[in-house]
Amino acid sequence: MKRLSELEAGQRGVINSFEKDEIFIKLMEMGCVPGELVRVDQVAPLGDPISITVAGYHLSLRLSEASSIFIDVETNQI
């Protein structure tokens, strides 16, 4: 299991859980719910923010937000 902030562009996985802090409700309202497939589309040149696809739409997250999401990384990346 990795944090979403540790994934590189093109990697994907399934949301497993959240670190317990005040941001997890906001993330769940945006479609980041456990069991949802997420893919990292782009990483900004300086590493922050990242662009992801989740629940059928694109979302930009700060690294501080992405680091609170735990991901089960898919091993067979295409």
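These figures come from a predicted structure and were not determined experimentally.

Basis of the calculations
- Residues numbered from 1 in each chain as written.
- Predicted model: local features only at pLDDT ≥ 70, side-chain atom pairs only at ≥ 80, totals over all residues.
- Heavy atoms only, no water.
- Helix = DSSP H or I, 4+ residues; strand = E, 2+ residues; numbered from the N terminus.
- Rg over C-alpha atoms; globule rule 2.2 N^0.38 Å.
- Buried < 20%, exposed > 50% of the residue type's maximum accessible area, 1.4 Å probe, protein only.
- Contact = heavy atoms within 4.5 Å.
- Areas by Shrake-Rupley, 256 points an atom, 1.4 Å probe, with all protein chains shown as cover.
- Core = buried A, V, L, I, M, F, W, Y, C linked by side-chain atoms within 4.5 Å.
- Salt bridge = Lys/Arg side-chain N within 4 Å of Asp/Glu carboxyl O.
- Pairing = 2+ DSSP bridges.

Asks: Would you take a moment to explain the overall build of the protein chain for this structure?
Replies: The helix and strand inventory of the protein chain stands at two helices and six strands. Ordered by position from the N terminus, the helices and strands of the protein chain form the series β-β-α-β-β-β-α-β. Against the compact-globule benchmark of 12 Å for 78 residues, the protein chain has a radius of gyration of 11 Å, which places it among compact chains. C-alpha atoms of the protein chain, sized along the principal axes, occupy 30 × 25 × 20 Å. The 78 residues of the protein chain split such that 32% are buried. Contacts in the protein chain between residues far apart in sequence, at least 24 positions, make up 60% of those at least 6 positions apart. Carbon and sulfur atoms make up 54% of the accessible area of the protein chain, which amounts to about 4700 Å² in all.

Asks: I keep staring at the nonpolar core and nothing clicks. Help me out?
Replies: Soluble, globular proteins show a tendency: their nonpolar side chains are buried together. Counting residues in each nonpolar core, the largest one holds 18 residues, and the members touching the most others are L4, I15, L27, C32, I52, L61 and I69. Mapped onto this core, the elements with two or more residues apiece are β2 (12-18), β3 (37-43), β4 (50-54), β5 (57-61) and β6 (69-73). For this core, the element with the highest residue contribution is β4, accounting for three residues. The residues contacting I52, other than those within four sequence positions of it, are L4, C32, V38, R39, V40, D41, Y57, H58, L59 and L61.

Asks: Mind showing me how you'd approach the pattern of salt bridges here?
Replies: Where side chains of opposite charge bring their charged atoms close, a pairing between them can arise. Summed over the entire model, instances satisfying the criterion amount to five salt bridges. In this structure, R62 engages E65 in a salt bridge whose closest nitrogen and oxygen atoms are separated by 3.4 Å. Owing to a relative accessible area of 6%, E65 belongs among the buried residues under this scheme. Taken together, the salt bridges that share partners define one network made up of K26, R62 and E65.

Asks: It is not clear to me how the sheet that holds β3 should be interpreted in this structure. Could you clarify?
Replies: Within a beta sheet, neighbouring strands are joined by backbone hydrogen bonds and run either parallel or antiparallel to one another. Taken in spatial order, the six strands line up as β1-β6-β2-β3-β4-β5 in an open sheet, and their pairing is antiparallel. A single partner strand is all that each edge strand has here, and the edge strands are β1 (2-3) and β5. Across three bridges, β2 lies against β3 in antiparallel orientation. Across the sheet, residue V14 finds its bridge partner in β3, namely L37.

Spatial relationships are all this shows, so hold off on functional conclusions.
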